[in-house]
Structures are given as structure tokens and as C-alpha cells.
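Residue strings, one per chain:
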Amino acid sequence: MVQGNPGTGMKKSSTGLQENTGGLLAYLFGFVSGIVLLLIEKENQYIRFHAMQSTIVFGSIFVISLIAGFIPIIGWILTLLLGPVALVLWILLMVKAYQGERYHLPMAGKMAEDQLRKMH
């Protein structure tokens, strides 16, 4: 896992949130809070990165779980395995964001950076 530059957690955002609080909130409700923060946060790239990574990671997990739920046995097992993985990722990413770290998951972190560059 590649780590980005640590943030200070003290910079404010256009939403009035501290950077580290905004980063944590990006993961709090999975892809939903990620999308909401992407829509309302216009300036702070730290919060936007975590919001985009949250949207990619937890949106993907949601779609995979939804599709796997329709596949007998193998899909159900996959869905059962995704739950604990999602929980560990959720906690890890919230902690890292709150600590001020721009933590990149291997594929999702790069995808998030690329998408933000396209949007900016």
C-alpha cells in the first residue's frame, strides 16, 4: 500500500470542516458520504481525495456484493467474505484520514487521484 504525504489536519475546507474531520467523514457512510462530500467540498484536495477514494472503494464493494448475491453458493460465500474486508477497510481508512494521512489503497488511490485531476 502506497502512502501519500501526511496532511496537517488543521487546514479548513470550503465546508468549514477541519481537513482530518472531513477526511474521516468521507468514509463514515461509505460511498454515500463520499459522493456528498465530492458535491459540497470544492476547494480542499485532501478531503476531495478521501471522498473520491471512499466512493470508488465502497461503491465497488456495494456493486460486487449486489451482483454476488444473485449467484448461488459461490456468490453468497463471496458476499460473506466481503463484509469483514469492508469493515477492516472502513476502520483503517477513517483512522488514516483522521490522522491526517493521504493514504492510498493500491488501485483505488491512483484511480481517485486520476479522477480528481480530470475534474479539476
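Above this text you will find the structure in question.
Rules of the game
Every chain is numbered on its own, with residues counted from 1 as its sequence reads. This being a predicted model, a pLDDT of at least 70 is required before a residue's local features are given, and a value of 80 or more before pairs of side-chain atoms are given or counted; all residues contribute to the totals for chains, interfaces and linings. Water and hydrogen atoms play no part in the side-chain values, which are based on all heavy atoms of the structure. The criterion is simple. A nonpolar core is a set of buried Ala, Val, Leu, Ile, Met, Phe, Trp, Tyr and Cys residues joined through side-chain atoms within 4.5 Å. In this scheme, a residue with accessible area under 20% of its type's maximum is buried, one over 50% is exposed, and one in between is partly exposed, where area comes from a 1.4 Å probe on protein chains only. Working definition: helices are DSSP H or I runs of at least four residues, strands are E runs of at least two. Numbering for both runs from the N terminus. Working rule for contacts: check all heavy atoms of both residues, and any pair within 4.5 Å makes them a contact. Residue count minus one, scaled by 1.5 Å, sets the expected span of a helix. The angle between two axes is taken between their N-to-C directions and runs from 0 to 180 degrees, where each axis is a line fitted to C-alpha atoms and a helix contributes only its stretch in contact. If an angle is under 35 degrees, it is roughly parallel; if it is over 145, roughly antiparallel; if it lies from 65 to 115, roughly perpendicular; otherwise it is oblique. Each residue gets one label: Ala, Val, Leu, Ile, Met, Phe, Trp, Tyr, Cys and Pro are nonpolar, Asp, Glu, Lys and Arg are charged, and the others, such as Gly, are polar. A side-chain nitrogen of Lys or Arg and a carboxyl oxygen of Asp or Glu constitute a salt bridge if their distance falls within 4 Å. We define a polar contact as two N or O atoms separated by no more than 3.5 Å, with the added condition that, inside protein, one atom must be a possible hydrogen donor and the other a possible acceptor, whereas residues neighbouring each other in sequence contribute only through side-chain atom pairs. By convention the crossing between two helices is left-handed if the near helix lies anticlockwise of the far one by an angle smaller than a right angle, and right-handed if it lies clockwise.

(A) Focus on the nonpolar core. One finds V57, F58 and L105 to be the most contacted residues of the largest nonpolar core, which totals 23 residues. Elements that contribute at least two residues to this core include exactly helix 1 (19-28), helix 2 (31-40), helix 3 (45-68), helix 4 (74-98) and helix 5 (106-119). When neighbours within four sequence positions are excluded, V57 is seen to be in contact with L89, L105 and A108.

(B) Unusual backbone geometry, seen in detail. One non-glycine residue, I73, adopts positive backbone phi at about 55 degrees. Secondary-structure assignment places I73 in the loop between helix 3 and helix 4.

(C) Spotlight on helix 4. In a regular helix each residue adds 1.5 Å, so 25 residues correspond to 36 Å; helix 4 covers 36 Å between its end C-alpha atoms and thus fits that length. Check the buried side of helix 4 and you find it contacts helix 1, helix 3 and strand 2 (101-104). In the segment just after helix 4, G100 is the residue with positive phi, at about 85 degrees.

(D) Here's a closer look at the packing of helix 3 against helix 4. Where helix 3 contacts helix 4, the axes come no closer than 9 Å and their chain directions differ by 170 degrees. Accordingly, the angle class assigned to the pair helix 3 and helix 4 is roughly antiparallel. Residues Y46, H50, Q53, V57, F58, I61, I64, S65 and A68 of helix 3 lie in contact with helix 4, whose contacting residues are G75, W76, L78, T79, L82, A86, L89, W90, L93, K96 and A97. A breakdown of the residues in the contact of helix 3 with helix 4 according to their chemical character gives 14 nonpolar, 5 polar and 1 charged.

(E) Up close: the pattern of salt bridges. Under the definition given, this model contains 4 salt bridges. R102 is the salt-bridge partner of E113, the closest N and O atoms lying 3.0 Å from each other. Of this pair, E113 sits in helix 5 while R102 sits in strand 2, and the two are 11 residues apart along the sequence. A single burial state applies to E113 and to R102, both of which are buried. Put simply, D114 and K110 hold a salt bridge, and the shortest N to O gap is 3.0 Å. Here D114 pairs with K110, and both are found in helix 5, just 4 residues apart, close to one helical turn. Judged by its relative accessible area of 25%, D114 is partly exposed. Note on K110: relative accessible area 53%, which makes it exposed.

(F) Up close: the environment of D114. Between the C-alpha atoms of D114 and T21, which are 93 residues apart in sequence, the distance is 23 Å. A distance of 2.7 Å separates a polar atom in the side chain of D114 from a polar atom in the side chain of R117.

(G) Geometry of the packing of helix 1 against helix 4. At their nearest, the axes of helix 1 and helix 4 sit 7 Å apart, and the two run at 165 degrees to each other. For the element pair helix 1 / helix 4, the angle class is roughly antiparallel. For the crossing formed where helix 1 meets helix 4, the hand is right-handed. Contact residues: N20, T21, G23, L24, Y27 and L28 in helix 1; W90, L93, M94, A97 and Y98 in helix 4. Of the residues assigned to the contact of helix 1 with helix 4, the class counts are 8 nonpolar, 3 polar and no charged.

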